[in-house]
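Residue-level listing of the chains:
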Amino acid sequence: MFSDGSDQAYGTCAYVRWQLENGTFGANLLAAKSRVTPIRKTTIVRTELNGALLSKRLSAFIKKESRFIFEKEYFFVDSEIVRAMIQKDSYGFNTYAAVRIGEIQEGTSPSDWHWIEGKLNIADWITRGKNPSELDKNSLWQTGPDFLHLHESEWPIKKFVLPDHLPEETKAAMIIKVESRIILSHAIDILRFSCYYRLLRVTARIAAIGKKTPKPSLKNLAAPVEAECVQNAELLWIKEAQKSLQQRFEKGKFNRLSARKRKDRIIVVGGRIPKSSESSYDEQELILMPSDYRVSRLYAERVHSRGHNGVSTTMSKIRTRFWILKLRKMARAIREQCVICRKKQKILESQVMGTLPKERVFVERKTVCFEAANLVNERPIGIHPTSPSDDTYLSPNHLLLGRASVRIPSGPFKETKNERLRFEFVQRLVNAFWKRWIRDYFPSLLIRQKWHVDKLNVCVGDVVMIQDSNSIRGQWKVGRVSKALVEDDGRVRRVEVQYKCLPTKETKVYKGQAYTTIERPVQRLVVIPWFAIICCPECFDQISL
């Protein structure tokens, strides 16, 4: 099949070739077809492409209407551009060229198209014209070019490297290939989402790009999201999340949960409960989900935000659909980080009890009066006597009076002004007190009676709610920590907080308020975590500084 095109006409001619008994080949004209170029001026590339399309159509007509069985087809063109266009996919060209290239590729193979020089292309006679006398039975028009009578290895055909850019080729700004199986972790950054249903809607819109009805297009992004698309998006994320559970499932790690795979390859649990008509409509197979995947966390946060219930209630609602591993730990963390729950509970901050100051540790045995200055009553300190055989209890009066009671001893008394004897008397009082101190009271100092848990320090910039004794019930001041007072052990037990007094209803024009700075112990503060405020912006609107 030879084809050619010019500014006057384009056409094609078909030759049949056979092998003779002596090993040579014969050829003869079988059919030809030509058309006049449209009056509207067009490019040579388009006329050459039309000639190639006419060649393909004539080939299909011959194979359909004749009784010959052809071993192979050859299509010859003298345009390198047209041959290169046929070698490429049709979607890369404009509509005019893409339609014709697509039709050529439907009926022929790109490997059957070859390039020859223009002087060897017999279809050139169609586009340039010849006299009738030149078309006799022995002419090239009837017998075909000379190379048709040679072996295929001797034909003057060439194959060229395809150029990067061709005429009629479109310059697309972006080409998106959407497959039925979307790699979600590559297409969507799930860490940028804080809402479960927003993630599903975005996924549904991206999947709609490749929707076959009406056709794949970026315009499908603007179409309304259907409920079925949202459900399919949820199934995609469930399958993505369960990839981390496949090995454990195959090893039988979830046999206690009666785990199995559904027809859609999703792992479900709850096979131990039989299906019966008496079961409620809420009872169904629970989908197994890992605890360390973002989708599980987003769904749990969604359930908790619809009521801000306790840990057990949140778990019960989640397990109507999903069986999330380590769910109790996740639900507890979500509740602790929820701004609304913190405002409802008003749990004050605490810190591990500080170490004893140096003034309370008797490193040096000073005088009895200096030691007794810190004690004011005679209540028992440390171990209380439980039987008559026990010694008298230790009390602060042992430092002031040398005895536990205020009753005056009956004597006898030895009066002396000897300084050595007075010194020895004082030392005996100190030693007696010290023995009782070590025995009865000192062991109780080793135990922290409260605030035993070491917690994170309150930092500068933290948003806190301030407990105040004179505040209206249910209305706590909200401020920001401006200074953290760090103690010797590296822990913060007191901070300075700045806040603003909000204008009253009588104030017609708000002209701004200066910050008020107060010092408070951390036990009087409720810290609102910053990451909870970011994840829950609607709750942050309720906080005014």
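Participant: Tell me about the overall build of the protein, and name the residues and values.
Facilitator: Regarding its fold elements, the protein presents 18 helices and 14 strands. Residues classed as buried in the protein amount to 33% of the 545 residues present. Of all intrachain contacts in the protein linking residues separated by at least 6 positions in sequence, the fraction that spans at least 24 positions is 62%.

Participant: Give me the environment of Glu 285: which residues, what numbers.
Facilitator: Structurally, Glu 285 is set in the loop between strand 7 (267-269) and strand 8 (286-289). Taking the C-alpha atoms as reference points, Glu 285 and Val 268, 17 residues apart in sequence, are found 6.1 Å from one another.

Participant: Break down the pattern of salt bridges for me, with residues and values.
Facilitator: By the definition in use, this model includes 14 salt bridges. Between Lys 119 and Glu 117 there is a salt bridge; the shortest N-O distance is 3.8 Å. What makes Glu 117 partly exposed here is its relative accessible area of 31%. Glu 285 is the partner of Arg 260 in a salt bridge, and the nearest nitrogen-oxygen pair spans 1.8 Å. With Arg 260 in strand 6 (residues 260-261) and Glu 285 in the loop between strand 7 and strand 8, this pair connects stretches of sequence that are 25 residues apart. Through salt bridges that share partners, Glu 487, Asp 489, Arg 491 and Arg 493 make up one connected network.

Participant: An account of helix 10 (residues 294-305) is requested, with residue identities and associated values reported.
Facilitator: Here helix 10 spans 16 Å end to end across 12 residues, near enough to the 16 Å set by a 1.5 Å rise per residue. Within the sequence span of helix 10, burial applies to Val 295, Ser 296, Arg 297, Leu 298, Tyr 299, Ala 300, Val 303 and His 304. In the segment just after helix 10, Gly 307 is the residue with positive phi, at about 135°.

Participant: How would you explain the sheet that holds strand 7 if you had to name every residue and give the values?
Facilitator: Strand order in the open sheet made by the four strands is 6-7-8-9, with mixed pairing throughout. Looking at the sheet topology across the chains shown, the edges are occupied by strand 6 and strand 9 (322-324). Relative to strand 9, strand 8 runs parallel, the two sharing three bridges. Each residue of the ladder has a partner; that of Ile 287, found in strand 9, is Phe 322.

Participant: So what about the packing of aromatic side chains? Which residues, and what values?
Facilitator: Going through the model one piece at a time under the given rule, you end up with 14 aromatic pairs. With a centroid separation of 6.2 Å and an interplanar angle of 65°, the aromatic rings of Phe 2 and Phe 147 are classed as edge-to-face. Of this pair, Phe 2 sits in strand 1 (residues 2-5) while Phe 147 sits in the loop between helix 5 (140-143) and helix 6 (184-187), placing them 145 residues apart in sequence. By the burial criterion, Phe 2 is buried, and Phe 147 matches it. What links up through ring pairs into an aromatic cluster is the set Phe 2, Tyr 15, Tyr 74, Phe 76, Phe 147 and Trp 155. Directly above the ring of Trp 323 sits Arg 319, whose terminal nitrogen or CZ lies 4.1 Å from the centroid.

Participant: Residues and numbers for the nonpolar core, please.
Facilitator: Residues Leu 199, Trp 237, Met 289, Val 295 and Phe 322 are the most contacted members of the largest nonpolar core, which totals 29 residues. Of all the secondary-structure elements, those providing two or more residues to this core are helix 7 (196-207), helix 8 (227-241), strand 8, helix 10, helix 11 (311-318), strand 9 and helix 12 (327-337). In terms of residue count, helix 10 provides more of this core than any other element does, five residues in total. Leave out the neighbours within four places in its chain, and Leu 199 touches Ile 188, Ile 190, Phe 193, Trp 237, Val 295 and Leu 298. Counting 21 residues, the second-largest nonpolar core is a separate cluster that includes Leu 53, Val 77, Ala 98 and Ile 101.

Participant: Describe the packing of helix 11 against helix 12, with residues and values.
Facilitator: Between helix 11 and helix 12, whose axes approach to 9 Å, the crossing angle comes to 125°. The orientation of helix 11 relative to helix 12 falls into the category oblique. The hand of the helix 11/helix 12 crossing is right-handed. Contact residues: Val 311, Ser 312, Met 315 and Ile 318 in helix 11; Leu 327, Arg 328, Ala 331, Arg 332 and Arg 335 in helix 12. Grouping the constituent residues of the contact of helix 11 with helix 12 by class yields five nonpolar, one polar and three charged.

Participant: Tell me about the environment of Thr 108, residues and numbers included.
Facilitator: Structurally, Thr 108 is set in the loop between helix 3 (95-107) and strand 5 (113-115). Of the residues examined, Thr 108 reaches a relative accessible area of 10% and is grouped as buried. In the structure, Thr 108 is positioned 22 residues away from Ile 86 in sequence and 9.9 Å away in space, judged by C-alpha atoms. Leave out the neighbours within four places in its chain, and Thr 108 touches Lys 56, Phe 75 and Trp 113. Separated by 2.6 Å, the side chain of Thr 108 and the backbone oxygen of Ile 104 make a polar contact. Side chain to side chain, Thr 108 and Trp 113 meet in a polar contact 3.1 Å long.

Participant: Would you mind going over the packing of helix 10 against helix 12 in detail, with residue names and values included?
Facilitator: It is at 10 Å that the axes of helix 10 and helix 12 come closest, and there the two elements cross at 60°. For the element pair helix 10 / helix 12, the angle class is oblique. Considering how the two elements wind past one another, helix 10 and helix 12 form a crossing that is right-handed. Here Ser 296, Arg 297, Ala 300, Glu 301 and His 304 of helix 10 lie close against helix 12, whose contacting residues are Met 330, Ala 333, Ile 334, Arg 335 and Gln 337.

Here is what the cut-offs are and how they apply
- Residues numbered from 1 in each chain as written.
- Predicted model: local features only at pLDDT ≥ 70, side-chain atom pairs only at ≥ 80, totals over all residues.
- Heavy atoms only, no water.
- Helix = DSSP H or I, 4+ residues; strand = E, 2+ residues; numbered from the N terminus.
- Buried < 20%, exposed > 50% of the residue type's maximum accessible area, 1.4 Å probe, protein only.
- Contact = heavy atoms within 4.5 Å.
- Salt bridge = Lys/Arg side-chain N within 4 Å of Asp/Glu carboxyl O.
- Expected span 1.5 Å × (residues − 1).
- Pairing = 2+ DSSP bridges.
- Phe/Tyr/Trp six-rings, centres within 6.5 Å; stacked < 30°, edge-to-face > 60°.
- Lys NZ or Arg CZ within 6 Å of the ring centre and 35° of its normal.
- Core = buried A, V, L, I, M, F, W, Y, C linked by side-chain atoms within 4.5 Å.
- Axes fitted to C-alpha atoms, helices over the stretch in contact; angles between N-to-C directions.
- Parallel < 35°, antiparallel > 145°, perpendicular 65-115°, else oblique.
- Left-handed = near helix turned anticlockwise from the far one by under 90°.
- Nonpolar A, V, L, I, M, F, W, Y, C, P; charged D, E, K, R; others polar.
- Polar contact = N/O pair within 3.5 Å; in protein donor to acceptor, adjacent residues only side chain to side chain.

Spatial relationships are all this shows, so hold off on functional conclusions.
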